[in-house]
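# Notes for the structure review
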Amino acid sequence: MNFGVILPNFGPGASRMDLLDTALAAERLGFDSGWLTDHLALPQQDAERYGHIFEVLTTMGYLAASTQRLRLGISALVLPQRNPLEVGKQLTTLDVLSGGRVMVAAGVGWSEGEYRNLGKDFSNRGERMDEAIRLLRTLWRGGRVISFRGKHYPFEKVVFSPGPVQSGGPTLWVAGESDRALRRAVNLGDGWHPNARSPQILREKLEKVAPMLAGRPFTVSLRMRVAVNRPPKTERTLAGSPDEVADQLRAYQQAGMNYAVIAFEAANQGERERAMRLFAEKVAPQLRG
């Protein structure tokens, strides 16, 4: 199993140094990746948790220059709120400059007010999401001069250079808990990236699409909260001793998860790094391999 860390680019205490220190700690402790959260223009009524937030693509460039090995991802990029041709260029540039370390989980988003603030249509976001993913694939696999004949994002003979370092482009998962998101992931993505619910729900959902995934590499990556040796803040948080947390993760692994993207519950940066170290030393070794 692989392990990623949710980086603190959002929340009242989010700061440049906490972002950098968390990424460096993740790299030092052997985590596979660090993940940034995306929002651009939430209305006040939706902004309690994500109102104070560093923009993800800019932040990814900063962290790429500050790390050497750690892969860098977005969980999740609200793709239909952005121009996918522009996003494709930005992610490709980041992939080249980072030496091929870019990952992205793309989702349709949930805030109608944010779409309205950005001048984007909320009602057809799923349709545009599908086309945007196809557009990104075309950019990343299509050579130097590219045309795309889509309904929403058509373009002719765009010179797209340099291409990505990673063959086929950055890893692209589809985020979301719904059956529609899972189908989109199976049809268009390299993996599925829902929030953690229960191992039983995960197993049931994956059983429905198992015939479509037979013999195909496909990542099942859950975003989850973890509290090791401290009281949990939510009912969904995986909590307890290192062995207890490992057992809970093992249940998800047996249900089909092979990549955990973890938000460590902590009151400050010192607690966050201690939790990451405890996890890396006592929990992760029980599940890798």
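Above this note sits the structure.
Residues numbered from 1 in each chain as written. Predicted model: local features only at pLDDT ≥ 70, side-chain atom pairs only at ≥ 80, totals over all residues. Heavy atoms only, no water.

### Comments concerning the overall build of the protein
What the protein contains, in helices and strands, is nine helices and 11 strands. Relative to the globule expectation of 19 Å for 289 residues, the C-alpha radius of gyration of the protein, 19 Å, shows essentially globular dimensions. Viewed in the frame of its principal axes, the protein has a C-alpha envelope of about 55 × 45 × 40 Å. Counting every position in the protein, which comprises 289 residues, the buried fraction comes to 53%. (Helix = DSSP H or I, 4+ residues; strand = E, 2+ residues; numbered from the N terminus. Rg over C-alpha atoms; globule rule 2.2 N^0.38 Å. Buried < 20%, exposed > 50% of the residue type's maximum accessible area, 1.4 Å probe, protein only.)

### Section: the layout of surface pockets
One number sums up the size of the largest pocket: a volume of about 810 Å³. Of all elements in the fold, only β3 (71–78), α6 (179–188) and β9 (219–228) reach the threshold of two or more residues within the lining of the largest pocket. Its residues assigned to classes, the lining of the largest pocket comprises 11 nonpolar, 10 polar and seven charged. For the second largest pocket, the calculated volume is near 510 Å³. Taken together, 21 residues form the lining of the second largest pocket, with Pro8, Phe10, Phe264, Ala266 and Arg272 sitting closest to its centre. (1 Å grid on protein atoms, 1.4 Å probe; cavity = no way out; pocket = protein on both sides within 12 Å on 5 of 7 lines; lining within 4 Å. Points joined across faces, edges and corners; volume = space filled by probe spheres on them. Nonpolar A, V, L, I, M, F, W, Y, C, P; charged D, E, K, R; others polar.)

### Some details on the pattern of salt bridges
By the definition in use, this model includes 14 salt bridges. The partner of Glu177 in a salt bridge is Arg236, and the shortest N-O contact between them spans 3.5 Å. Here Arg236 lies in the loop between β9 and β10 (238–240) and Glu177 lies in the loop between β7 (171–175) and α6, a separation of 59 residues in the sequence. A relative accessible area of 44% means that Arg236 is categorised as partly exposed. Here Arg230 ties to Glu271 by a salt bridge, and the two come within 2.7 Å at their closest N and O atoms. Of this pair, Arg230 sits in the loop between β9 and β10 while Glu271 sits in helix α9 (residues 269–283), and the two are 41 residues apart along the sequence. (Salt bridge = Lys/Arg side-chain N within 4 Å of Asp/Glu carboxyl O.)

### Topic: the packing of aromatic side chains
Inspection of the entire model under this criterion finds nine aromatic pairs. Where Tyr115 meets Phe122, the ring centres are 5.3 Å apart and the plane angle is 80 degrees; that geometry is what we call edge-to-face. Residue class for Tyr115 comes out buried when judged on its relative accessible area of 0%. Note on Trp173 and Tyr259: the rings are 5.2 Å apart at their centroids and 70 degrees apart in plane angle, and the pair reads as edge-to-face. One end of the pair, Trp173, is in strand β7; the other, Tyr259, is in strand β11 (residues 259–264), and 86 residues separate them in sequence. Judged by its relative accessible area of 1%, Trp173 is buried. Take Tyr259: its relative accessible area is 7%, and that puts it in the buried class. Following the ring pairs from residue to residue traces out a cluster consisting of Phe3, Phe31, Phe264 and Phe279. The ring of Phe160 carries the charged tip of Lys89 above its face, separated from the ring centre by 5.3 Å. Lying over the aromatic face of Phe122, Arg125 brings its terminal NZ or CZ to 3.8 Å of the ring centre. (Phe/Tyr/Trp six-rings, centres within 6.5 Å; stacked < 30°, edge-to-face > 60°. Lys NZ or Arg CZ within 6 Å of the ring centre and 35° of its normal.)

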